[in-house]
Amino acid sequence: MAAAAAACYSPARIAISCSSSSSSAASMPGRPLRVAVVGGGPAGASAAEALALAGARAFLLERNPAGAKPCGGAIPLCMLDEFAIPRDLVDRRVTRMRILSPSNLATDFSRALPPGAHIPMLRREVLDSFLRRRAADAGAALVPGLVTSLSLPTGPSDPYLVHYISSSSSEGTGRGVLEVDAVVGADGANSRVAREVGAGDYTTAIAFQERIRLPEAAMAYYDDLAEMYLGGDVSPDFYGWVFPKCDHVAVGTGTVAAKPEIKRFQSGIRARAGAKIAGGRVVKVEAHPIPEHPRPRRVVGRVALVGDAAGYVTRCSGEGIYFAAKSGRLCGQAMAEEWARTGAVTEAGLRQGYLRRWDDEFLLMFRFLDLLQRVFYVGNAGREALVEMCADEYVQRRSFESYLYKQMVPGDPRGDLRLLWRTVASMVRCGVLGREVERLRRLELQARELRV
Amino acid sequence: MAMATSTFSPRPASPSTLKRLRTGAKPHLHLSFARLCAGRLARAAAGEAPVEAPPKQPDVDLSPAAASNGAAVKAEAPVAVEAEAEAAPVPRFRDARWLNGTWDLKQFEKGGAVDWDAVIDAEARRRKWLEDYPEATDTDEAVVFDTSIIPWWAWMKRFHLPEAEKLNGRAAMVGFFMAYFVDSLTGMGLVDQTGNFFCKTLLFVAVAGVLLIRKNEDLESLKKIIDETTFYDKQWQATWQEDSPAERKK
C-alpha cells in the first residue's frame, strides 16, 4: 500500500520544494504538471491524452475498466476524424433514421443525407478502452481504482490529494494517495469530484434501455435504420428509441419529469415498436441518469469538470459522447498550456482557457436544442408538428449538417424564412388539432358524467 | 356530438375501467398480435397483468421478461390470454373513411367539394383515440396523413374567424380609449398620433396584447414560458456568476 503511494510521488518534486512557496514560480516550469483525471470514459481519456501529449504527467483513474456503459452509442461523423477513431471499431453505419409521431406518422430522415455520411454506432466498452489505451500510449498512467475523496489544498500552490482504493492486480489492492497540481473530474453524472468540491447539483433525466437480441430476419430490418418514437405513452418529455447495435437492438426511453413511471414508458415503447421487435430476447436491462444542464460551478479552484460530470449533454437529442471527449481534450490542453506559460494552473486561467472557449463554441448549439425540446417535446401537438416538419428536405439537410459536423452554419436566408414559416404553420395546425382533441375529451367526460 | 364520441368509447364505459385500461394495459394490441409475437405477450403478462392482480407487480417486471421472452414463452402465453380476456379488448382504430394510412377525401365530399371541417373532426377523433390507446407501428399500414393536406383557408374559417370578431372588437375598444386618452394628455389628434413613433409602438403593443392574451390563464402561461426559456441559459451562465465565493476555495 505504501509502495503504491510512493510510486505515485513525482521524484522531481522533492528536489525543487524550496521554490514552490512563491506563487509566481519560475517562468520556466521546473517540473511537469501533475493532473489526476478521475474517470476513464471518453472525457477522461481525452483529457489524459491531451495532457500527456503536452508533456504533463496524467494519472487516469478508472474504477471499472471492463464495464459496458448504458448508452445509445451513436457518435457524430466529425468525431471519427477529430479523434482519429479507427473505422473497424464502428459496429454499424446508420444511414436511415425514422421518426414516428404519436399518431404513427413516420418520417424518413435520410433523404438529404450527404453521400458517404452516416451515423456511426459503437459499443461503449470498445470505444472507451480504445481511448484509454491511446491515452496510455501517449504517456498517461492508467490507475484502476475508485476515488474515495479529495483533499483540498490550503494555499494556491499546495497540491490536491486524491484518495483512492486501488483495484490493480500488479500494485495490490489497497488505499493510495495521489499528490497532484490539478484535477479533472470526468466521472460522469454521479460525479464524486463534483460533490467533493461543491460544484452544485443539476436536474437529471433517467434513460432506461433494454438490449434485445432479435431473430435474423427482424435484425435485417434494423440493419442501417434507427427509430425514434414520440408520444405521451413513450415519454412525456423525451423520446423512445430503437437503435441497432452489433448483434442486437437497444430499445429504451427516458424522462425528466416522470421518473417513477419509467417502466410504464418502457412497455409503451415496446408496444409501439410492435411486431418489429417481436420474438426478441432481452439480454440486458440498464438505466442511467443523464444531466439536463450544466452544474452551477464547472471550475472550482484547480478542479475542472468535463463531460457528463459538467453536464454537457444536449437536450432534445441527448447526445453526450462527442461533447465529453471534446471538453476533456479542451480542458487538458488549457491546463497544459497555462502551466507551460505561467508555471501554475489557476481557476481564472482555467475559466478563460477552457470554459470561455467551450461556451463560445458550443453554447449556441446547446441553447438551440433546449429550445427545440421545449417547443416540440412537451405535448402531442408539438410532437406531431415536429414529425411533419422533419419531412421537409431543408430541415433534414440543416439537421444533418449541424449534427454530423457540429457546425451551426446559418443557411440561406430564404430557406430559413421558409423554414420559419413552415414551423409556425405546422405548430398552428397541430396545436389547433390538439385543442380539438382536448375539446372532444371534455365533451366525453361531460357525457359520461351525465350518464352516471 | 355526445353520441358521436360515445361510439369510439370501449364497451365498459365506466370511468374507473377506462382509467385502468388507459394507464396500465393495452390488451387489445396483444390479442390482435397474439399470433405474431409471443415475446410481447409474455411481457404483457409481466407488465400489464398487474392491472388485474396488483400484488404481483413488483417482481414481475424484470425477471420474467428476461426469461420468458426466450424459453418460457409458452407457459406465459395462456396466462396472458386469460388476463386479457378479462380486460375487455379494445379494437384498433377503424373508420370507413381511413384507408391506407390516410383519409380518403372522396368520402368527405359534400356537394361536390371536400368538407374540410369533417376531415378536421375525423382527424381529431383519430388522434384522441390514439392518445388513449396507442397503437403499434406497422410497416405494412404506415400512416401518411399530415395536416398540410387541409388547405389554410379551412383552418382560418373554422378556428380564427369565430374568434376574429371578438378580438377585433377588443382591439377597437382599446384603440378608441387610448386615442382619447393620449389626445386629452397631449392634445395630439388622431391624425397626428398615427404619424408619431411612440404612438405607433403603443398600437403594436395593443394589437399584440389582444392577440396573445385572450384568457386570464394566458398571462400565467406567458410568464411560465419566459421563465422556462431563460432557465436553461441561467444554468450555463451560473459558472460565470460565482466569482467571489469561488476564489476562496483556491
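(A) Expanded view of the overall build of chain A. From N to C terminus, chain A includes 13 helices and 17 strands. In terms of C-alpha radius of gyration, chain A reaches 24 Å, essentially the compact-globule figure of 22 Å for 452 residues. Principal-axis analysis of the C-alpha atoms places the extent of chain A at approximately 85 × 55 × 50 Å. Counting across all 452 residues of chain A, residues that qualify as buried make up 58%. Long-range contacts, defined as pairs at least 24 residues apart, comprise 71% of the intrachain contacts of chain A with a sequence gap of at least 6. About 17,600 Å² of surface is accessible on chain A, with carbon and sulfur atoms providing 58% of the total. Distance between charge centres in chain A, computed from 58 positive and 48 negative side chains, equals 2 Å.

(B) Molecular detail of the sheet that holds strand E13 (residues 240-244) of chain A. Residues and elements named next belong to chain A. Reading across from one edge, E5-E4-E12-E13-E14-E11-E15 is the order of the seven strands in this open sheet, with mixed pairing throughout. Among the strands making up the open sheet, the edge pair consists of strand E5 (106-108) and strand E15 (281-291). Each strand axis lies, on average, 20 degrees off the axis of its neighbour in the sheet, ignoring direction. In this sheet, E5 lies alongside strand E4 (residues 96-100) in antiparallel orientation, the contact comprising three bridges. Following the sheet pairing, Arg98 is matched in E5 by Asp108. Across the sheet, helix H8 (residues 262-273) lies against E4, strand E11 (204-213), strand E12 (225-229), E13, strand E14 (249-255) and E15, angled at about 135 degrees from E14, the strand it touches most.

(C) Looking closely at the confidence of the model for chain B. Residue and element names in this part refer to chain B. For chain B, mean pLDDT is 69; residues scoring 70 or higher make up 60% of the total. Within chain B, the lowest mean pLDDT, 35, falls on helix H5 (residues 57-60), and the highest, 91, falls on helix H8 (residues 116-132). Confidence drops under pLDDT 50 across residues 1-87; counting only partners more than four residues distant or on other chains, this segment forms 118 contacts. Every residue in residues 244-250 scores below 50 in pLDDT, and together they form 12 contacts with partners more than four places removed in sequence or on other chains. In the model output, the complex is listed with pTM 0.77 alongside ipTM 0.79.

(D) Broad picture of the pairing of E4 of chain A. Residue and element names in this part refer to chain A. Counting buried positions along E4 gives four out of five residues, so the element sits mostly inside the fold. Across five bridges, E4 lies against E12 in parallel orientation. The residue bridging Met97 from the neighbouring strand is Ala226, located in E12. Where E4 folds back on E5, the antiparallel hairpin that results is connected by five residues, among which Asn104 adopts a positive phi of roughly 65 degrees.

Calculation notes
- Here the residue numbers are simple positions, counted from 1 along each chain's written sequence.
- Here every chain gets a letter starting at A, and every ligand a number starting at 1, in the order they are written.
- pLDDT decides what is reported in this predicted model: residues at 70 or higher carry local features, side-chain atom pairs at 80 or more are listed and counted, and totals for whole chains, interfaces and linings draw on all residues regardless.
- Only hydrogens and water are set aside; all other atoms, that is, all heavy atoms of the structure, feed into the side-chain values.
- The numbering of helices and of strands both runs from the N terminus, where a helix is a DSSP run of H or I of at least 4 residues and a strand a run of E of at least 2.
- Using C-alpha atoms as the atom set, the radius of gyration is obtained and then compared with a globule rule of 2.2 Å times the number of residues to the power 0.38.
- Only protein chains enter the accessibility calculation, which uses a 1.4 Å probe. A residue is then buried if its area is under 20% of the maximum for its type, exposed if over 50%, and partly exposed in between.
- Contact definition: two residues touch when any of their heavy atoms are within 4.5 Å.
- Here, Shrake-Rupley sampling with a 1.4 Å probe gives the accessible areas, and only protein chains in the shown set may cover a residue.
- Positive charges come from Lys and Arg alone, negative charges from Asp and Glu alone, with His and the N- and C-terminal ends not counted.
- A single reference atom marks each charge: NZ on Lys, CZ on Arg, CG on Asp, CD on Glu.
- Pairs of strands are assigned from DSSP output, requiring at least two bridges between the strands.
- To obtain each axis, a line is fitted to C-alpha atoms, and for helices this fit is confined to the stretch in contact; angles are then taken between N-to-C directions over 0 to 180 degrees.
- Confidence of the predictor at the level of single residues is given by pLDDT, which spans 0 to 100.

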